[in-house]
Each structure stands twice: as structure tokens, then as C-alpha cells.
Amino acid sequence: MIKLKNISKYYQTGSITITALDRVTLDISAGEMLAIIGPSGSGKSTLMNMLGCLDVPSEGQYHLEGKEVSKLQEDDLAEIRNQKIGFVFQNFNLLNSLTALENVELPLIYRGLGAGERRKMSLQVLGMVGLSDRLHHKPAELSGGQQQRVAIARALAGNPPVILADEPTGNLDSRSGEEVMEILKELNRKGKTIILITHDPEIAKQVRRVIRIQDGQIVFSGEVA
Amino acid sequence: MNIWQTVKLAVAGIRANKLRSFLTMLGVIIGVAAVIVLVSIGEGTSKSVTGKIQGLGSNLVSITIRNNETPVSLSYDEIMDWKARPGILGIAPVINGNVSVKYGNKKYDTSLEGINSDYEQVRNFHVQQGRFVIPTDLSFRQKIVLLGAEVARQLFGQIDPVGETVKINGENFKVVGLLEEKGGAAFGSNDDKVMIPLTTAERLLNSKGIRTVYVQAASAEDVDSVVAQLDNLLYKKIKNTDAYRVFNQAEMLATVNQVTGTLTVMLGGIAGISLLVGGIGIMNIMLVSVTERTREIGIRKAIGGKRRDILRQFLIEALVVSSSGGVLGILAGLGGARIIGSVMSIETGVSLQIIGLAFGFAVLVGIVFGIYPANKAAKLNPIEALRFQ
């Protein structure tokens, strides 16, 4: 499903070169649910950007569903993101001027689907996250938990194989956080590959596989009891 | 992403920020309105000047002889002999003088023209009531008079003057016609004068010799040859090119048209500059908007928006702003042209071409000044854009 091979990422700041990722090799199989944990500055975010095709590595190969994506141009990456990856962010990242339904439809618009089809698919995923009665609310009119559920619906709308969730519970109270985690686990049971990025050990405990990253390197990969 | 969707989004964005959007549009509104108003004033003025010149008669050539240069003058019969020449349709010699006209106890000083029957056609000047001067009036030196509209108003008020008798310099003249209203002309009012048969005028003013002649060429093509012939004839007789002058009305018209045309283009150009300034206003606000919406752009890119999607979105927003401004500007321009036209009492012809041109220019301004901010938005790095607070 996802194969990272010797991925490195360097940033140039003035004359100093920072190594954000140092020869990371990682295999993720379809249907897995895993957490990537590590302190801030560890390269966690860079790894997430890499996995989410928001960025390309300086060195190494990235195969996503058998396709080499590490050398693609921006617009091709946009298309991969649109087709293969659903993003869930810590701060939801919904568009405030659009309603819940319009937010969920957005990736489908970029995919070029017709209005009828978009509407049908969006209503379905909003139903899955339990927001059928909040379709025409703007993000400001929704609670944090509801906003995050809209964001999950948006990530799901295009039916991508991978959901990439960056601290999805970080801005939520514990009850909403639990709800969101339940939805993600349910999605995993239905076959989605779920990648969580978190520094919350409680969250990490809920998944089968944990990857700890430190100083740009994977220092632990496996199950935690 | 389809265009209709983008337009709807852009309109929603404009409505969400009403004041800012209006201020942004204001530059375009003023620019478009200014183009329409100024050009229509220019065109209206040009049209009315042209109309007035043409109202003097078509294919007209006029001759004036300056009496202070030479004592030479032309006699009526001599002038009318030219009529046999090719290309000449009519000849209207004129004797000018100042007289005082009396009706009852009302007295009015005005100018007098001694004319012949050709005058009506050559100068395109008709009676609104009664009859014009006819050839027998000249043969018998009839004491009849045509009153200008202004003269009739002064002496008769609302009464119909035709058939009444007035005294001109103490002599009785019968009013046979009331001249049509011509309105103010470039050279004195055409309505403030009276006309009598030329032969009668010679007696009345005690002047022999004609110093003004209007000649009508048969067609526009004949005008040049008529001018050449007249020049030739006059030179043979007077032998002094400074003593007479032959005017070609078509030439004058062309000159006037050129001047007013230049004026119109200049006015339009100045107004166009304000449109350009409006465009810079759009660019300015768009740049602010791109910065403000960096995060939105990041989100859009993360979920699959390509460069061209973002570019198109911002470009369409610029276009929606500039074309809404254009539409409002057209309305303001139409209203403004009407108001200014009635205040300055000039005809303002707002043509469809000008409306189209002004609107097209507004849209173009939207594209030109929208492309830079839109491109800036499209090129944002999604990771940095998402991190933007």
C-alpha cells in the first residue's frame, strides 16, 4: 500500500542544512491503523507531509498503491491527494464561508464530478458521521466535535484508501475526542488505512501499531501493549 | 472545478464583504461612468455642431468680398450668370444691412438681408407660415418682408404676423412669411433678422453691389470644381486675392469634425486613465485578499485543488468585481450623461459602441490586474499556506 524507502528531507536555512527526515523506510499495508508519535521537531510533521503528498522528499522513493510519487509535479500531487488521501487536521481547516455540505463537496468539485453525484456522495458521508441534520450550518455554527466530523466527512467524500489524521483530537474535549476516535476506528474496520499523527499516548494506545520518530529517524516500530 | 460554481462563490465573497467590495468597484464604476459621460458629451457636441453647419445648407460654397480692400463689387445679374456653369445648382446673393422695424408703436432693431428666391434652397431656410420670396418680387421690387422668428416674437408676440404691415426704416412692407426657427448659429442668431427681395434692399439701403454670395454645388463631388471656378472668376475680375474669400463648407465641416473627434478621443482617454486606476485598486485589494486567505488556499490545495483551479478562482473573483463595477458604471454613466445633457442643454448621444467599449475595457482591466494576485495565490506552497495563521 504505502512503501517509503530511504526517504530523506533536507531544508536549507541560510548556510545551515537541516535534516528533517533521515533515511526513513516504512511499509504500511492496506487496512492498517497506526499512530506516528514523537516530540515536536522530531520530523513527525515532515513525515506526514510526505505521506500526504503535500511535499516531495529530497531523496528516496515513495510508492503509493504501487505508484512512484516522489518525483511528481505539484498538479499531479494535487490529483493524488484528491484521489487517494483524506486529510483530517487538528484545527479542522474547514472553509468558514461554506456550509457543512459545501465543505464536504469541495474535493468532489476539484475531482470534476457533476452536481448530482457530488450531492449524493456528500450526503452519504455526512450521514455516516451523524451530521445529516447539520447540512446547511456554517462551521462557526457547529461545535468543535461537529466541525471535526465535517472534516472527516470531507476526507471521506472522495472515498480515498488512506485517511491521514494530524492530531485529530487535539482541539477537542475528551468526549468529542472519543467520538472522533470511534469514527476513525469504525472506518478502519471498514477497510480504510488510517494514519494518526499524535503525541497523545492515550490515543496511541488505541491502535495496533505505533511508530516513534525522533531526530528524523524511526526509533521504534511495532505494537505497544 | 466548474466556472458557474466559481462565479457563485465569488459573488458570495463579494456579498460577504459589501463595503470593501463596493469601494473596490468604485474605481471601476467611476472610470466606466466617466468614459461614457465624457465621450457622449464629446459626441453630442460634435453632432450638434455638425448639424448646425449642415443646417446652413448642403454642398455650400460662400463668397465674401471685403469692401475695405477694393471698391469693387459684383452686380446681381453678373452673379446670376454663373448659374449656367457646370456643377452649380443655385446662387443666392445677399445684401446685408441694419434696419429698424416698426409695428404699431413697437420698434425693433435688427439685421436685414436682401435675398432672391434661390436662397430658400441654397441656405436650407424655409418659412413656417406664408410664402418665400419669388422671382417676380425681385422684378417688381415688391415691398414685402419675411420675418425671423425672434423678430416676429418681439413685434407681434403670439399674433400671426403674416398679412400685417410693418415699417422698415419708415417704409411700409407687407409681411408675407414667417421664417422657421433655426436656433442659435455659430455666427449670430439666424432668427433675429428680416429678409426682403434683393432689388428692394438695394433701394432701401441705397447700396449697389453685392458682397456676399452663397452658391450651392449640385453634389458633394462638384464642390471642389465650383470653388475652383469661382476663384478663377473672381480673380479675373478683382485681381486681388486678399479682397475676396471663397469658403467651402465641406472643408469647414471636416475641420470641425476633426477637432471634435480629437476632443472626444482625448476626453475618453482621460476617463480611461481613471479606469486604469480602478484596476490598480482591484489589484491592491486582491493582493490583500490573497494574503488573508492564504489558509483557505492551503486547504483547497490539500484536498486536491490544482494551480489552475486556484488561479481561475481568483481571476473570476477579479472579473466579477470589475464587471459588476462595469455594469454599475454603465448605469451611472447613462444617468450622468442625461443629467449633464439637460443641465448644459447639449445633446448627449450615448452610443452602444461606447457602452460596449467601456465595459470591455473594465473587464480587461479586471483580467490584467487580477492575473498577478491570482497567480500569486496559485503558486503558494500548500504546506506553508496551511501553517499560516
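Data block above holds the structure.
Residues numbered from 1 in each chain as written. Chains lettered and ligands numbered in written order. Predicted model: local features only at pLDDT ≥ 70, side-chain atom pairs only at ≥ 80, totals over all residues. Heavy atoms only, no water.

Pairing of side chains with opposite charge becomes possible as their charged atoms draw close. Residues and elements named next belong to chain B. Using the criterion set out here, one finds 28 salt bridges over all chains in the structure. Here Lys83 ties to Asp118 by a salt bridge, and the two come within 2.8 Å at their closest N and O atoms. Here Asp118 lies in the loop between strand 3 (106-115) and helix 4 (119-122) and Lys83 lies in the loop between helix 3 (76-80) and strand 2 (88-103), a separation of 35 residues in the sequence. Among the ionic pairs, Arg300 bridges to Glu296, the shortest N-O distance being 2.8 Å. Residue Arg300 and its partner Glu296 are both found in helix 10 (residues 294-302); the two are separated by 4 residues, about one turn of the helix. Through salt bridges with shared partners, one network takes in Arg293, Glu296, Arg300 and Glu317. (Salt bridge = Lys/Arg side-chain N within 4 Å of Asp/Glu carboxyl O. Helix = DSSP H or I, 4+ residues; strand = E, 2+ residues; numbered from the N terminus.)

Let us now look at a nonpolar patch on the surface. A cluster of nonpolar residues, Val327, Leu328, Leu331 and Leu334 of chain B, forms a patch on the protein surface that exposes about 330 Å² of accessible area. Judged by its relative accessible area of 54%, Leu331 of chain B falls in the exposed class. (Patch = residues over 30% accessible without salt bridge, like charges linked within 9 Å, V, L, I, M, F, W, Y side chains within 5 Å. Areas by Shrake-Rupley, 256 points an atom, 1.4 Å probe, with all protein chains shown as cover. Buried < 20%, exposed > 50% of the residue type's maximum accessible area, 1.4 Å probe, protein only.)

This part covers the interface of chain A and chain B. Counting from both sides, the interface comprises 22 residues of chain A and, opposite them, 24 residues of chain B. Between chain A and chain B, roughly 2100 Å² of surface is buried when both sides are summed, and carbon and sulfur atoms account for 58% of that area. A salt bridge links Arg307 of chain B to Glu74 of chain A; the nearest nitrogen and oxygen atoms lie 2.9 Å apart. Put simply, chain A and chain B have 10 residue pairs in polar contact (both at pLDDT 80 or more) between them. Counting only elements with at least two residues in the side of chain A that touches chain B, the list comes to helix 2 (74-84) and helix 3 (100-111) of chain A. The residue makeup of the side of chain A that touches chain B, split by class, is 11 nonpolar, 4 polar and 7 charged. (Contact = heavy atoms within 4.5 Å. Buried area = accessible area lost by both parts, 1.4 Å probe. Polar contact = N/O pair within 3.5 Å; in protein donor to acceptor, adjacent residues only side chain to side chain. Nonpolar A, V, L, I, M, F, W, Y, C, P; charged D, E, K, R; others polar.)

On to the nonpolar core, then. Within the largest apolar cluster, 70 residues are counted, with the highest numbers of intra-cluster contacts made by Leu51, Tyr62 and Ile195 of chain A. Element by element, the count of residues in this core is highest for helix 11 (residues 307-343) of chain B, at 8 residues. Other than its neighbours up to four places away in sequence, Tyr62 of chain A contacts Ile2, Lys3, Leu4, Ile7, Met50, Leu51, Cys53, Lys67, Glu68, Val69 and Ser70 of chain A. With 42 residues, the next largest nonpolar core counts Leu56, Ile88, Leu146 and Val176 of chain B among its residues. (Core = buried A, V, L, I, M, F, W, Y, C linked by side-chain atoms within 4.5 Å.)

Attention now moves to the packing of helix 3 of chain A against helix 5 (residues 144-157) of chain A. Residues and elements named next belong to chain A. Relative to each other, helix 3 and helix 5 sit at 25°, their axes nearing to 8 Å. Here helix 5 runs roughly parallel to helix 3, going by the angle between their axes. Regarding helix 3 and helix 5, the two cross each other, and that crossing is right-handed. Contacts from Ala100, Asn103, Val104, Pro107 and Leu108 of helix 3 reach helix 5 at Val150, Ala153, Arg154 and Ala157. (Axes fitted to C-alpha atoms, helices over the stretch in contact; angles between N-to-C directions. Parallel < 35°, antiparallel > 145°, perpendicular 65-115°, else oblique. Left-handed = near helix turned anticlockwise from the far one by under 90°.)

Compared with the 20 Å implied by 1.5 Å per residue over 14 residues, the 20 Å span of helix 1 (residues 3-16) of chain B between its first and last C-alpha is a close match. Buried positions along helix 1 of chain B lie against helix 3 and helix 4 (115-128) of chain A together with helix 2 (18-55), helix 10 and helix 11 of chain B. (Expected span 1.5 Å × (residues − 1).)

Time to look at the side chain of Ser100 of chain B. All names here are of chain B. In this structure, Ser100 sits in strand 2. Classification of Ser100 by relative accessible area gives buried; the value is 18%. Here Ser100 is in contact with Lys107, Tyr108, Asp109, Lys167, Ile168 and Asn169, once residues within four sequence places are set aside.

For the rest of this paragraph, the subject is the sheet that holds strand 3 (residues 33-37) of chain A. Residue and element names in this part refer to chain A. The sheet built from 6 strands is open, its strands ordered 6-7-8-3-9-10 with mixed pairing. Single-partner strands in this sheet number two, and they are strand 6 (85-88) and strand 10 (217-222). Pairs of neighbouring strands in the sheet enclose a mean axial angle of 20°, with direction left out of account. As paired elements, strand 3 and strand 9 (residues 209-214) share 4 bridges and run parallel to each other. The residue of strand 9 that forms the bridge with Ile37 is Arg212. Of the strands in this sheet, strand 3, strand 7 (162-166) and strand 8 (193-198) touch helix 6 (residues 174-189), which is tilted by about 145° from strand 8. (Pairing = 2+ DSSP bridges.)

All names here are of chain A. The strand order 2-1-4-5 describes an open sheet built from 4 strands, whose pairing is antiparallel. The open sheet is flanked by strand 2 (16-28) and strand 5 (67-68), the only strands paired with a single partner. Pairing between strand 4 (residues 59-64) and strand 5: 2 bridges, direction antiparallel. If you follow Leu64 over to strand 5, its bridge partner there is Lys67. In the packing of helix 1 (residues 44-51) onto the sheet, the strands contacted are strand 1 (2-13), strand 2 and strand 4, and the crossing angle to strand 1 comes to about 125°.

Residues and elements named next belong to chain B. For Pro373, the position within the fold is in helix 12 (residues 352-378). Separated by 58 residues in sequence, Pro373 and Leu315 have C-alpha atoms that sit 8.3 Å apart. Beyond its immediate stretch of four places on either side in the chain, Pro373 contacts Met283, Met286, Leu287 and Val290.

Our next topic: the packing of aromatic side chains. Residues and elements named next belong to chain B. Applying the stated rule across the entire model yields 4 aromatic pairs over all chains. Aromatic side chains Tyr103 and Phe156 sit 4.0 Å apart centroid to centroid with 35° between the ring planes, which places their arrangement in the tilted category. One end of the pair, Tyr103, is in strand 2; the other, Phe156, is in helix 6 (residues 149-156), and 53 residues separate them in sequence. An aromatic cluster is defined as three or more aromatic residues linked by ring pairs; in this entry it consists of Tyr119, Phe132 and Tyr214. (Phe/Tyr/Trp six-rings, centres within 6.5 Å; stacked < 30°, edge-to-face > 60°.)

What follows covers empty space enclosed by the protein. Residue and element names in this part refer to chain A. Using the criterion set out here, one finds 2 cavities of 30 Å³ or more in the structure. Considering only enclosed or pocket space, the largest cavity measures out at about 70 Å³ in volume. Those elements that place two or more of their residues in the lining of the largest cavity are helix 2, strand 6, helix 3 and helix 5. When its residues are assigned to classes, the lining of the largest cavity shows 6 nonpolar, 3 polar and 3 charged. (1 Å grid on protein atoms, 1.4 Å probe; cavity = no way out; pocket = protein on both sides within 12 Å on 5 of 7 lines; lining within 4 Å. Points joined across faces, edges and corners; volume = space filled by probe spheres on them.)

Remember, this is a structural readout, not a statement about activity or role.
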